[in-house]
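As a plain string of letters, each chain reads:
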Amino acid sequence: MDPKQYGPAGERACARRLREKGYRILCANYRTRFGELDMIARQGPYIVFVEVKTRGPHALAAPAEAVTPAKQRRLMRTAELYLAAHPSTLQPRFDVMEVEMDGEGRVTALRHLENAFDAQEEGDF
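Residues numbered from 1 in each chain as written. Predicted model: local features only at pLDDT ≥ 70, side-chain atom pairs only at ≥ 80, totals over all residues. Heavy atoms only, no water.

Visitor: Explain the sheet that holds strand β3 (residues 46-55) to me, please; I cannot follow it from the model alone.
Guide: Two strands in a sheet stick together by hydrogen bonds in their backbones, pointing the same way (parallel) or opposite ways (antiparallel). Taken together, the 5 strands give an open sheet; going across it, the order is β1-β2-β3-β4-β5, and neighbouring strands pair in mixed fashion. Each edge of the sheet is formed by a strand with only one pairing partner; in this case those strands are β1 (24-32) and β5 (107-117). Going across the sheet, the axis of each strand differs from the next one's by a mean of 25°, ignoring polarity. Taken together, the 7 bridges between β1 and strand β2 (residues 35-43) define a ladder with antiparallel strand orientation. Paired with Tyr 30 across the two strands is Leu 37, which belongs to β2. Lying on the sheet, helix α1 (residues 6-20) is in contact with β1, β2, β3, β4 (91-101) and β5; it crosses β4 at an angle near 125°. (Pairing = 2+ DSSP bridges. Helix = DSSP H or I, 4+ residues; strand = E, 2+ residues; numbered from the N terminus. Axes fitted to C-alpha atoms, helices over the stretch in contact; angles between N-to-C directions. Contact = heavy atoms within 4.5 Å.)

In structure tokens form, the structure reads like this:
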């Protein structure tokens with residue numbers, strides 16, 4: 001599989017998993033000047049901003065390690081813009097989904113890290 005295809009394939013796998021868990025996908029690939037939110041979903045009282053990180057068979061680090069504090073700040077700013085355009089009474093939450101794939105593009109591991117980081121630490125929301 002072409003490594004450029006890992007990301008979209010990982011996002012599709014995550015969307016399926018979220019739907020299986022009862023989430024409703026509201027939006028995918030929401031872009032602003034600050035960055036992109038891979039998925040926005042609703043689950044119970046939460047509006048969930050999901051960052052998907054996909055890695056191929058020879059990755060040296062866990063996918064979630066790429067969600068650095070700087071990346072978290074960009075995700076929070078993007079979420080703020082989404083909420084300004086789409087007001088909601090739901091509680092915001094930031095999740096990370098890790099996808100590992102083999103060389104053929106098959107998912108070998110998929111982990112959902114709920115509430116992976118907290119916007120309250122930055123004083124947002």
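So that's the structure; there's more coming.
Visitor: Would you take a moment to explain the packing of aromatic side chains for this structure?
Guide: Think of a pair of aromatic rings as described by two things: how far the centres are apart, and how the planes are tilted against each other in angle. The tally for this structure, following the rule as stated, stands at 4 aromatic pairs. A ring pair is formed by Phe 94 and Phe 117, whose centres lie 5.0 Å apart and whose planes are at 25°; its orientation type is stacked. In this pair, Phe 94 sits in strand β4 while Phe 117 sits in strand β5, placing the two residues 23 residues apart along the sequence. Both residues of the pair, Phe 94 and Phe 117, count as buried. Taken together, the ring pairs connect Tyr 30, Phe 49, Tyr 82, Phe 94 and Phe 117 into an aromatic cluster. Over the ring of Tyr 46 we find Arg 93; its NZ or CZ atom is 4.9 Å from the centre of that ring. (Phe/Tyr/Trp six-rings, centres within 6.5 Å; stacked < 30°, edge-to-face > 60°. Buried < 20%, exposed > 50% of the residue type's maximum accessible area, 1.4 Å probe, protein only. Lys NZ or Arg CZ within 6 Å of the ring centre and 35° of its normal.)

Visitor: Explanation requested: the pattern of salt bridges in the structure shown.
Guide: Tallied over the entire structure, the rule returns 9 salt bridges. Glu 20 serves as the salt-bridge partner of Arg 17, at 3.8 Å between the closest nitrogen and oxygen. Taken together, the residues Arg 17 and Glu 20, both in helix α1 and 3 residues apart, mark about one turn of the helix. One salt bridge connects Glu 114 with Lys 21, and the closest N-O pair in it is separated by 3.7 Å. With Glu 114 in strand β5 and Lys 21 in the loop between α1 and β1, the pair connects residues that are 93 residues apart, well separated along the chain. By relative accessible area, Glu 114 is classed as partly exposed at 42%. Three or more residues are tied together by salt bridges with common partners; here these are Glu 51, Lys 53 and Lys 71. (Salt bridge = Lys/Arg side-chain N within 4 Å of Asp/Glu carboxyl O.)

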